[in-house]
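Coordinate inspection notes
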Amino acid sequence: MSARPKVGIIVGSTRPTRVGRSVADELVGMVEAAGAEPVMLDLAELRLPLLDEALPPASGIRTQPHSIAWAEQVAALDGVVFVTPDYNSGYPAALKNAIDYLKEEWVGKPAVVVSYGWAGGQAAAAQLHAVLDYIGLARQGEGVRMPFQPTDFDESMHMVDAPAFVSRSSEALRESIEGLVAAAAAELVSA
Ligand SMILES: Cc1cc2nc3c(=O)[nH]c(=O)nc-3n(C[C@H](O)[C@H](O)[C@H](O)COP(=O)(O)O)c2cc1C
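The sections below set out a description of the structure shown in this document. Everything numeric in this text was worked out from a predicted model, so none of it was measured. (Residues numbered from 1 in each chain as written. Predicted model: local features only at pLDDT ≥ 70, side-chain atom pairs only at ≥ 80, totals over all residues. Heavy atoms only, no water.)

Moving on: the nonpolar core. Core analysis: the biggest nonpolar cluster contains 28 residues, and Val23, Leu27 and Met146 have the highest contact counts within it. When neighbours within four sequence positions are excluded, methionine 146 is seen to be in contact with Val23, Val114, Ser115, Tyr116, Gly117, Gly120, Phe165, Val166, Ser169 and Leu173. In terms of nonpolar packing, the next biggest core, distinct from the first, is built from 26 residues, Ala71, Tyr91, Ile99 and Ala111 among them. (Core = buried A, V, L, I, M, F, W, Y, C linked by side-chain atoms within 4.5 Å. Buried < 20%, exposed > 50% of the residue type's maximum accessible area, 1.4 Å probe, protein only. Contact = heavy atoms within 4.5 Å.)

See below:
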């Protein structure tokens, strides 16, 4: 039996009350259903400092234990789902920081962007697409935009029902993740 491809789910938001982790949790089952092994990479848990390596990532030389661990985690993946909110028409600084730590580990890696926000996080997704394309990830299409509705939040701006929010986009998510897993499986075979 061939090994299942490993698909990382990178949670790009780090706020204590974030929606991002709830969205990512809902994606775990979809990655499994598509035949891959989900690997949750939550930037709030990883707590990478602001990039503190002396040499640029393209050098491949890393000295800090957190950089080495992050590089190993990403290198072990066959595909990546980036889960991002829209912060002031962009994606979060923590996510840019995590991306900037690495170079070769990203190159050629199949990836999709799942974004959310009042306009589905489309500005964040566009920014992130530009960066992923620049680095040379193998982006699988446009990914999925998930627009909020006012009723998604209570008066404290906490999301009321994350599974219901995600389920509005479930068809697009399933399709996007299936495409990603197919590309990740092809990577695994050709490696
Ligand atoms: C710093 C900040 C900036 C935001 N800017 C935008 C924005 O430009 N567009 C948007 O649709 N929502 C914006 N929002 C609202 C977020 O979409 C909403 O809070 C969402 O839950 C953030 O994702 P998170 O909970 O995973 O952090 C912003 C929220 C924060 C915290």
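Taken together, 14 residues sit near the ligand, with Ser13, Arg15, Val19, Tyr87 and Tyr116 positioned nearest. Serine 89 places a polar main-chain atom, nitrogen or oxygen, 3.1 Å from an oxygen atom of the ligand. Backbone polar atom of tryptophan 118 to an oxygen atom of the ligand: 2.8 Å apart, as the coordinates give it. Split by residue class, the shell around the ligand holds six nonpolar, five polar and three charged. (Near = heavy atom within 4 Å. Polar contact = N/O pair within 3.5 Å; in protein donor to acceptor, adjacent residues only side chain to side chain. Nonpolar A, V, L, I, M, F, W, Y, C, P; charged D, E, K, R; others polar.)

Relative to the assigned elements, valine 19 resides in the loop between strand E1 (6-11) and helix H1 (20-33). On the basis of relative accessible area, valine 19 is assigned to the buried category, the value being 10%. Here the alpha-carbon distance between valine 19 and alanine 162, two residues 143 residues apart in the chain, equals 7.4 Å. Filtering out sequence-adjacent residues up to four positions away, valine 19 remains in contact with Tyr116, Phe153 and Met159. (Helix = DSSP H or I, 4+ residues; strand = E, 2+ residues; numbered from the N terminus.)

Among the residues of helix H4 (residues 93-100), those classed as buried are Leu95, Asn97, Ala98 and Ile99. Turning to H4, the residues buried within the fold contact E1, helix H2 (43-46), helix H3 (65-75), strand E3 (79-85) and helix H5 (122-135).

Turning our attention to the packing of H4 against H5. Packing of H4 against H5 leaves a shortest axis separation of 12 Å and a crossing angle of 5°. It follows that H4 is roughly parallel to H5 by the angle criterion. When H4 is examined against H5, the residues Leu95, Lys96 and Ile99 are found in contact with a partner set consisting of Leu128, Val131, Leu132 and Ile135. (Axes fitted to C-alpha atoms, helices over the stretch in contact; angles between N-to-C directions. Parallel < 35°, antiparallel > 145°, perpendicular 65-115°, else oblique.)

Now for the pattern of salt bridges. Under the criterion given, the structure shown has nine salt bridges. Across the pair arginine 139 and glutamate 142 runs a salt bridge whose closest N-O atoms are separated by 3.4 Å. Put simply, aspartate 152 and arginine 168 hold a salt bridge, and the shortest N to O gap is 2.8 Å. With aspartate 152 in the loop between strand E6 (144-147) and helix H6 (162-167) and arginine 168 in the loop between H6 and helix H7 (170-190), this pair connects stretches of sequence that are 16 residues apart. Accessibility expressed as a relative area gives 6% for aspartate 152, which makes it buried. (Salt bridge = Lys/Arg side-chain N within 4 Å of Asp/Glu carboxyl O.)

Checked against the element boundaries, serine 176 lands in helix H7. In this view, serine 176 contacts Val112, Gly143 and Val144; residues no more than four positions away in its chain are not counted.

What follows covers the pairing of E6. Going residue by residue along E6, you find Val144 and Met146 tucked away on one face and Arg145 and Pro147 left uncovered on the opposite face. Relative to E6, strand E4 (residues 110-117) runs parallel, the two being bridged by four bridges. Within E6, the residue paired with serine 115 across the bridge is arginine 145. (Pairing = 2+ DSSP bridges.)

Before going further, it helps to spend a moment on the packing of aromatic side chains. All chains considered together, the criterion is met by seven aromatic pairs. Ring centres of tyrosine 116 and phenylalanine 148 lie 6.0 Å apart, and the angle between their planes is 50°; this geometry places the pair in the tilted category. Residue tyrosine 116 is located in strand E4, and its partner phenylalanine 148 is located in the loop between E6 and H6; the two are separated by 32 residues in the primary sequence. Take phenylalanine 148: its relative accessible area is 13%, and that puts it in the buried class. Each ring, one from phenylalanine 148 and one from phenylalanine 165, has its centre 5.3 Å from the other, and the planes form 45°; the classification is tilted. Residue phenylalanine 148 is located in the loop between E6 and H6, and its partner phenylalanine 165 is located in helix H6; the two are separated by 17 residues in the primary sequence. For the pair phenylalanine 148 and phenylalanine 165, a shared accessibility class is recorded, and that class is buried. (Phe/Tyr/Trp six-rings, centres within 6.5 Å; stacked < 30°, edge-to-face > 60°.)

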